[in-house]
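A structural walkthrough
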Amino acid sequence: MKYIYSICLILYSFVFVNGQNLDDDLIIKYIGQDKIANSSYHDGQMRPAIGTHNYQILRANRTNPEMAEGTGWTYNHAPMLAYWNGHFICEYLSNPMGEHVPPGITLIAKSKDGMNWDKPQIAFPIYFTTEVIDDELTVHNHFMHQRMGFYVAPNGKLLVMGHYGDNRGNSIGRVVREMHDDFTFGPIYFIRLSDKWKGEVSYPMFTESDDPGFIEACNSFLSDKIRRIQWWEEDFLAEDAAEFYMPHKRGKAFCFYTISDSLTIGLFKSRLMTWTKDGGETWKEPFKAESLTHGGAKIWGQKLDNGQYALVYNPTDNSDRQPLCIATSNDGLNFDNMAVVHGEVPEKRFWGIEKRPGPQYIRGIIEGNGNPPGDDLWVVYSVSKEDIWISRIPVPVRRTIEGQVKDNFDEMEAGGVVKNWNIYSPKWCPVRVVDGPNPNGKSLMLKDADLYDYARATRVFGKAAKQQISFELFIESNPVSFQTDICDEKGKRLIKLVIDNNGNLRLNNGEKTLQNEKGIIKGKWHKIVVGYNAQTSAYEISVNNEMLKSGMKFSGVGFPERIDFRTGDYRLDKKISEYKSGEELIPGFDEPNADFPGEEAVFYIRNFSTVK
């Protein structure tokens, strides 16, 4: 009996004591040293996630709506993402000017490759209700608020979902419709009505559909104890909320990732997390993951194709929503190696309530909603609640490289992935690999017709005390300057080269080195070589094998680690407060000429290399 007692004691200790310790350890932590971004800089002075591409899905346009989505509405926010039927599908919310100001609609855009997007289409239109006030019929319209967009059902049907109402309990209910294989929409139905709504509704319940497969798909979602928690934020006042969602205080903007058959991690806004070990039957009461530095916006967690895990969020210790960064983990709990995904904050072009600046409200593809080809992580987000963006992040995520670099672009596909380069590509400032401009090879094109943004291409290279950086440049047209910065690990500009629209080359101190009659002329390839010694902070420059100047000094002290090519002025150190332009004090304030493309500038780069 003594031995049986001892065995039972050991089992008790393992199951309860060790189990309790294990549960205590089920907390997401950031274990690195670089968990806080310097929010005085748009990129946080952090290393980029190498090879990340930022593409603009929607550029808001008030006065030329056909160049956007057709409505001319300039509050665009809260995008969601799925991959289905060989396409990326993005859903987002839209209001005429500001947050929570009706009317509101939900739109859908699709893309075959994630880079080139079709014009968005309205998925859920304005919802009208009527009320008799003082014997007169009054018409109300409503805005939309939702934290979920898609559900790919086990039977293969794609359900698109939306929610009419706010997240404070003033709701009509949740709507759903099917996207067919040809990307057309089925009828709109309600899938769950708010307990608080007592009036009539404009759409039937999904159970009235004559498509058994559609009803089956809806019921499949309703029975999914994990995925339906995405509805909790708007539906927290429902009489069955404790049973249907969780018996805890409401969490906002739920997402999740699966670590094992017996463990799923849930994430909410404001660093809140939870977990379930029984497939969503019971949940740990949400609590804060204190080691995550996070300003309060959405956070995205996902298991990656290589078996690692990623968190994507704004790692600031204040309310700033920039930069957008990624951290990775091998076990889904301990995260490290913070790197920038999107570190650009162009000026807001349109006034609007609560249009906070920066890349924010991040979402990826939730488990079960498709998996694009390749191992890349794809995420969508809004920038300043105005424009909708998507990023492709190569996996595994890297922040540094070793050795030398040699890119001539000939082995890359025209219009395809620019391997190992970080690309910032707005709608009117595309960055692409193209054929030419000479007939014998490919090059990297930076085009710019946007008065409020620029094209940018960044190449990280191996750190070395002494090195030569070489590239060839071709100018097709340049109404704007072409700027090149050689930067250290924090993005500090050590060497600055500016080619103005007359072809003059200027260096760090503004000195004019090449006059336009001998400068960088249009329609011709020019070879530019910069050699430097980081230990002495000295550099020299040659153009077309002719030494122009030597013995020049860095702007500061540091070791070069990457090069930026841009079609506009450096802005990454501009304080966010400078971007408000007084719009909170002047309702209706818009930036001038924001809806019209300017004169097009076109530049090409090829044969980029580093040599020690």
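All chains use their own residue numbering, which begins from 1 and follows the written sequence. Since the coordinates come from a predicted model, pLDDT governs what is reported: local features require at least 70, and pairs of side-chain atoms require 80 or more to be given and counted, while whole-chain, interface and lining totals use all residues. With hydrogens and water excluded, all non-hydrogen atoms of the structure serve as input to the side-chain values.

1. Overview of the overall build of the protein
Operational definition: Helix and strand definitions here come from DSSP, where helices need a minimum of 4 consecutive H or I residues and strands a minimum of 2 consecutive E residues; each element is numbered from the N-terminal end. All radius of gyration figures rest on C-alpha atoms, and the globule criterion is 2.2 Å times the number of residues raised to 0.38. Only protein chains enter the accessibility calculation, which uses a 1.4 Å probe; a residue is then buried when its area is under 20% of its type maximum, exposed when over 50%, and partly exposed in between. In what follows, a contact means two residues having at least one pair of non-hydrogen atoms within 4.5 Å. Only the protein chains shown count as cover for residues, with accessible areas throughout obtained via the Shrake-Rupley method and a probe of 1.4 Å. This count recognises Lys and Arg as positive and Asp and Glu as negative, with His and chain-terminal groups excluded. By convention, the point assigned to a charge is CZ for Arg, NZ for Lys, CD for Glu and CG for Asp.
A tally of regular secondary structure across the protein gives three helices and 38 strands. A globule of 612 residues ought to have a C-alpha radius of gyration of about 25 Å, and the protein, at 26 Å, matches this closely. Overall size of the protein, expressed as C-alpha extent along the three principal axes, is 85 × 80 × 45 Å. The buried share among the 612 residues of the protein stands at 59%. Looking at the protein alone, contacts between residues at least 24 apart form 61% of all its contacts between residues at least 6 apart. Counting only carbon and sulfur atoms, one obtains 49% of the accessible surface of the protein, whose full area is about 24900 Å². Distance between charge centres in the protein, computed from 70 positive and 81 negative side chains, equals 7 Å.

2. A look at the pattern of salt bridges
Where side chains of opposite charge bring their charged atoms close, a pairing between them can arise. This is how it is decided: Think of a salt bridge as a Lys or Arg side-chain nitrogen and an Asp or Glu carboxyl oxygen that are within 4 Å of each other.
The tally for this structure, following the rule as stated, stands at 32 salt bridges. Linking D118 and K110 is a salt bridge whose minimum nitrogen-to-oxygen distance equals 2.7 Å. Residue D118 is classed as partly exposed on the basis of its relative accessible area of 36%. Salt-bridge contacts for E472 lead to R606; the nearest nitrogen and oxygen are separated by 2.7 Å. One end of the pair, E472, is in strand 29 (residues 466–477); the other, R606, is in strand 38 (residues 601–611), with 134 residues separating them in the sequence. Through salt bridges with shared partners, a single network forms among E344, D453, R456, D564 and R571.

3. Considerations on the side chain of T484
Following the sequence through the fold, T484 ends up in strand 30 (residues 482–487). For T484, a relative accessible area of 4% corresponds to the buried category. In contact with T484, not counting residues within four places along its chain, are F471, I495, K496, L497, I563, D564 and F565.

4. Quick notes on the sheet that holds strand 15 (residues 272–276)
What counts, and what does not: DSSP calls a pair of strands paired once it identifies at least 2 bridges connecting them.
One open sheet accounts for four strands, arranged 13-14-15-16; its pairing is antiparallel. The open sheet has two free edges, formed respectively by strand 13 (255–260) and strand 16 (287–288), since each of these has just one partner strand. When strand 13 meets strand 14 (residues 263–267), the two strands line up antiparallel, connected through five bridges. Within strand 14, the position partnered with F256 by the bridge is G266.

5. A word on the pairing of strand 31 (residues 493–499)
Summarising burial for strand 31: five of the seven residues are buried, a large majority. Relative to strand 31, strand 30 runs antiparallel, the two being bridged by six bridges. Looking at the pairing, Q483 lines up with V498 of strand 31. Following strand 30, the chain reverses through five residues before pairing antiparallel with strand 31; G491 in that reversal takes a positive phi of roughly 85°. Pairing of strand 31 with strand 32 (residues 505–506), which is carried by two bridges, proceeds in the antiparallel orientation. Each bridged residue has a counterpart across the sheet, and for V498 the counterpart in strand 32 is R506. Between the end of strand 31 and the start of strand 32, which pair antiparallel, lie five residues, with G503 showing a positive phi angle near 90°.

6. Considerations on the sheet that holds strand 5 (residues 105–111)
Whenever strands of a sheet pair, they do so through backbone hydrogen bonds, lying parallel or antiparallel. What counts here: Structural elements are reduced to axes, namely lines fitted to C-alpha atoms, with helices fitted over the stretch in contact, and the angle between N-to-C directions of any two is expressed from 0 to 180 degrees.
The four strands lie next to each other as 3-4-5-6, forming an open sheet whose pairing is antiparallel. Here the strands that pair on one side only, and so sit at the sheet edges, are strand 3 (75–84) and strand 6 (121–124). Sheet twist, expressed as the mean angle between neighbouring strand axes with direction ignored, is 30°. Judged from the three bridges that link them, strand 5 and strand 6 form a sheet pairing that is antiparallel.

7. Side note on the confidence of the model for the protein
This is how the line gets drawn: For every residue, the pLDDT score states the predictor's confidence, bounded by 0 at the bottom and 100 at the top.
With 93% of its residues at a pLDDT of 70 or more, the protein has an overall mean of 91. Predicted confidence for residues 1–21 stays below pLDDT 50, and this span has three contacts to residues more than four positions away or in other chains. Low pLDDT, under 50, characterises residues 578–585; the predicted model gives this stretch 15 contacts beyond four residues in sequence or across chains.

8. Section: unusual backbone geometry
The step from P102 to P103 runs through a cis peptide bond, and the omega angle for that step is 0°. At S270, a residue that is not glycine, the phi angle is positive and equals roughly 65°. Inspection of the secondary structure assignment puts S270 in the loop between strand 14 and strand 15. When its relative accessible area of 32% is taken as the criterion, S270 is described as partly exposed.

9. Quick look at the environment of D485
Mapped onto the secondary structure, D485 falls in strand 30. Of the residues examined, D485 reaches a relative accessible area of 2% and is grouped as buried. In the structure, D485 is positioned 27 residues away from T458 in sequence and 9.4 Å away in space, judged by C-alpha atoms. Among all residues touching D485, those that are not within four sequence positions of it are R493, I495, K496, R562, I563, D564, R566 and Y570.

10. Section: the packing of aromatic side chains
The condition is simple: We call Phe, Tyr and Trp rings a pair once their centres come within 6.5 Å, taking the six-membered ring for Trp, and we label the pair stacked below 30 degrees between planes, edge-to-face above 60, and tilted otherwise. The criterion for a charge sitting over a ring is simple: Lys NZ or Arg CZ within 6 Å of the ring centre, and within 35 degrees of the ring normal.
Applying the stated criterion across every chain, the model contains 29 aromatic pairs. Look at W421 and F565: their rings are 6.2 Å apart centre to centre, the planes differ by 25°, and that puts the pair in the stacked class. You can see W421 sitting in strand 25 (residues 421–425) and its partner F565 sitting in strand 37 (residues 562–566), a full 144 residues away along the chain. The exposure classification of W421 matches that of F565, with both residues buried. Among the aromatic residues, those joined into a cluster by ring pairs are F409, W421, F471, F482, F565, F603 and F608. It is R493 that lies over the ring of Y570; its NZ or CZ is 3.8 Å from the centre. Its guanidinium or amino end placed over the ring of W525, R606 lies 4.0 Å from that ring's centre, counting from NZ or CZ.

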